[in-house]
Amino acid sequence: MFSLKIFCYLRLANVGYTMMKQINVDYFQVDDLLSEEHKLVRRAVRDFVRSEIRPVIEDAAQAHQAIDGLMPKLGAIGALGPYIPVKYGGAGLDQISYGLIMQELEAGDSAVRSAASVQSSLVMYPIYTYGSEEQRCKYLPRLASGELIGSFGLTEPNHGSDPGGMETRLTAKNNGFLLNGAKMWITNSPICDLAVVWARDEVGKVRGVIVERGMEGFETPETLHKWSLRASKTGELVFHDVFIPAENILPEVNSMRGPLSCLNSARYGISWGVIGAAIDCYETAVQYALEREQFDRPIGGFQLQQKKLAEFLTEITKAQLLSWRLGVLKNEGKATPQQISMTKRNNVHMALQIARESRQILGGMGIVGDFPIMRHMMNLESVITYEGTHDIHLLITGQDITGINAFSS
């Protein structure tokens, strides 16, 4: 069922913006593989980004400030938990629609996509998948609307690529647990209303708990001085004997399968999102190459610039097909964590390389806020690291090929 919220926004969106020259980024007619619903969803979110994000994103990034009212705005167009059933406030869309939403949001900025991705895949997904019916009804509609902002606590100061070594602990007390430990590099931490946090209980099982703002002993200090993802809030989750009542425990999971399945959903969204960043850099580079003249001709007429642009479009096209096929497999319940890992690694690397080379095409203009390229490049330096580094994803693929675990001796 197509999201009514997205359809209504599409009708009301301001489409009178000034566009660049139309540049083809659908070289292999991938649009033919999309349904009309997919295209309507993409157009609605693209219009939202053009009217609500692009006019303010450069100032927000320069000032290291989050965009005012972002989450309710994302909720209003159905971009939060879009694959969550309508019963719980979601849009009831499929996985390809989710991917296209992430693509268009990241064309605006990775920080915007990250906010929606965390809310959808790392907060709403585990509550929907592993929560009780009472938890679903209590939290999901308010998260879908953006009334509540969520964060996800897995990475720790001493455990990033090795989440299984987590030190955050749950100790039974009365009709619940005491939570102690810390998480870091947490998107939306300083402004979150609740956090889905993963910790080990007294017998070593990994449990998911919902920590709410205002619980005694729960703190969320902000991480400052970032050079990347500057239009969003990042921070820590710190727990000092935080009492977690039994009704805040996710009842349907007690292993690493819980947080890893959340990461699989988020990594899939990232694989689409970074295509949006790459396209924005590519379109900017093409436009600039056609207009900038040196030696009495547009620089787009020189062989080295054409080589770069041809390689950009080739890599974007390959990424589009990879993510589309992965979306089909996810819709069919067939996508494997290894396939998701390969796609996240390939597409983020592709986008970062295009951002770096596009910056060179623009020369000195590539570093200023009049163009989006340097901002995308700095953001992608984070995206290539979080939710599985480039090297870790390579080893996941290597293990799948050889059957040999390279993570431990």
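The residue numbering used here restarts from 1 in each chain and proceeds along that chain's sequence as written. Local features are withheld for residues below a pLDDT of 70 in this predicted model, meaning they are given only at 70 or higher, and side-chain atom pairs are given and counted only at 80 or more; totals for whole chains, interfaces and linings count all residues. For side-chain calculations, the full set of non-hydrogen atoms in the structure is used, while hydrogens and water are omitted.

(A) Quick look at the packing of helix H9 (residues 337-362) against helix H11 (residues 390-402). Contact geometry of H9 with H11 gives a least axis separation of 9 Å together with a crossing angle of 140°. Between H9 and H11, the angle falls in the class oblique. As H9 runs across H11, the sense of the crossing is left-handed. Counted together, Gln338, Ser341, Met342, Lys344, Arg345 and His349 of H9 and His390, His393, Leu394, Ile396, Thr397 and Asp400 of H11 form the full contact between these two elements. Between N-to-C directions, angles cover 0 to 180 degrees, with each direction set by a line fitted to C-alpha atoms, over the stretch in contact for helices. Where helices and strands are cited, they refer to DSSP runs of H or I of at least four residues and of E of at least two residues respectively, numbered from the N terminus. Every angle not falling under 35 degrees, over 145, or within 65 to 115 is termed oblique; those three ranges are roughly parallel, roughly antiparallel and roughly perpendicular. If you view the pair so one helix is near and one far, a crossing is left-handed when the near helix is turned anticlockwise from the far one by less than a right angle, and right-handed when it is turned clockwise. We call two residues contacting when some pair of their heavy atoms lies within 4.5 Å.

(B) The pattern of salt bridges, seen in detail. Criterion for a salt bridge: a side-chain nitrogen of Lys or Arg within 4 Å of a carboxyl oxygen of Asp or Glu. Throughout the structure, instances matching the rule amount to 21 salt bridges. When the shortest N-O distance is used, the salt bridge between Glu52 and Lys73 registers 3.5 Å. Within this pair, whereas Glu52 is found in helix H2 (residues 36-63), its partner Lys73 is found in helix H3 (residues 70-76), the two being separated by 21 residues in sequence. We classify Lys73 as partly exposed; its relative accessible area is 32%. Taking the shortest distance from any N to any O, the salt bridge between Glu315 and Lys318 comes out at 3.0 Å. With Glu315 and Lys318 both in helix H8 (residues 303-331) and three residues apart, the pair spans about one turn of that helix. Exposure categories follow from relative accessible area, calculated using a 1.4 Å probe and restricted to protein chains: below 20% of the type maximum is buried, above 50% is exposed, and the middle band is partly exposed. Owing to a relative accessible area of 29%, Glu315 belongs among the partly exposed residues under this scheme. Bridged by salt links that share partners, the residues Glu58, Asp109 and Arg375 form one connected network.

(C) Examining the packing of aromatic side chains more closely. A pair of Phe, Tyr and Trp rings is counted when the ring centres sit within 6.5 Å of each other, with Trp represented by its six-membered ring. The angle between the planes then sorts it: under 30 degrees is stacked, over 60 is edge-to-face, the rest tilted. For the structure shown, the criterion picks out seven aromatic pairs. Summarising the aromatic geometry, the rings of Tyr125 and Tyr130 are spaced 6.5 Å apart at their centres and angled 90° between planes, so their arrangement reads as edge-to-face. Each member of the pair, Tyr125 as well as Tyr130, carries the same accessibility label: buried. Taking the centre distance of 6.3 Å and the plane angle of 80° together, the rings of Phe295 and Phe302 count as edge-to-face. Judged by relative accessible area, Phe295 falls into the exposed class, the value being 71%. Note on Phe302: relative accessible area 27%, which makes it partly exposed. The lysine or arginine in question, Arg136, covers the ring of Tyr128, its NZ or CZ lying 5.7 Å from the ring centre. Here Lys330 stacks its cationic end above the ring of Tyr268, 5.3 Å away from the centre of that ring. In this analysis the charged atom, NZ for Lys or CZ for Arg, is taken to sit over a ring once it is within 6 Å of the ring centre and within 35 degrees of the ring normal.

(D) Broad picture of the pairing of strand E3 (residues 176-187). Two strands are said to pair when DSSP picks up at least two bridges between them. Inspection of the sheet shows strand E2 (residues 169-173) paired to E3 by five bridges, in the antiparallel sense. For Leu170, the partnering residue across the bridge sits in E3 and is Leu179. Taking the residues between adjacent antiparallel strands as the criterion, E2 and E3 are bridged by two residues, where Asn174 takes a positive phi near 50°. Bridge count for E3 against strand E7 (residues 234-245) is nine bridges, and the pairing is antiparallel. Each bridged residue has a counterpart across the sheet, and for Lys183 the counterpart in E7 is Leu237.

(E) Region of interest: the confidence of the model for the protein chain. As a per-residue quantity, pLDDT reports the predictor's confidence and falls between 0 and 100. Of the residues in the protein chain, 95% reach a pLDDT of 70 or more, and the chain-wide mean stands at 92. Scored below 50 in pLDDT, residues 7-19 shows 17 contacts in the model against residues more than four places distant or in partner chains.

(F) Representation of the side chain of Ser97 in the model. Positionally, Ser97 belongs in helix H4 (residues 95-108). Ser97 has contacts with Glu37, His38 and Val41, leaving out every residue within four places of it along the chain.

(G) Region of interest: the pairing of strand E5 (residues 206-212). Of all seven residues in E5, six are buried, a share of seventy percent or more. Linkage of strand E4 (residues 194-200) to E5, two consecutive antiparallel strands, is achieved through a turn of five residues, within which Gly204 is found at a positive phi near 90°.

(H) Structural detail: helix H7 (residues 257-291). A helix is expected to span 1.5 Å multiplied by its residue count minus one. For H7, spanning 35 residues, the distance from its first C-alpha to its last is 52 Å, which sits close to the expected 51 Å at 1.5 Å a residue. Where burial is concerned, most of H7 is hidden: 31 out of the 35 residues are buried.

(I) How the structure looks around the side chain of Gln119. With respect to the element layout, Gln119 can be found in helix H5 (residues 110-130). Separated by 2.8 Å, the side chain of Gln119 and the backbone nitrogen of Gly150 make a polar contact. Each residue touching Gln119, except ones within four places of it in the same chain, is listed here: Met71, Leu80, Met124, Leu143, Leu148, Ile149 and Gly150. Counted as a polar contact is a pair of N or O atoms within 3.5 Å, where, for protein atoms, one must be capable of donating a hydrogen and the other of accepting one, and residues adjacent in sequence contribute only when both atoms are in side chains.

(J) Quick look at unusual backbone geometry. You will see that His64, though not glycine, has its phi angle at about 55°, which is positive. Structurally, His64 is set in the loop between H2 and H3. The exposure class assigned to His64 is buried, which follows from its relative accessible area of 14%. Unlike most non-glycine residues, His225 shows phi in positive territory, near 65°. By the element assignment, His225 lies in the loop between strand E6 (218-219) and E7. On the basis of relative accessibility, which here comes to 73%, the residue His225 falls in the exposed class.

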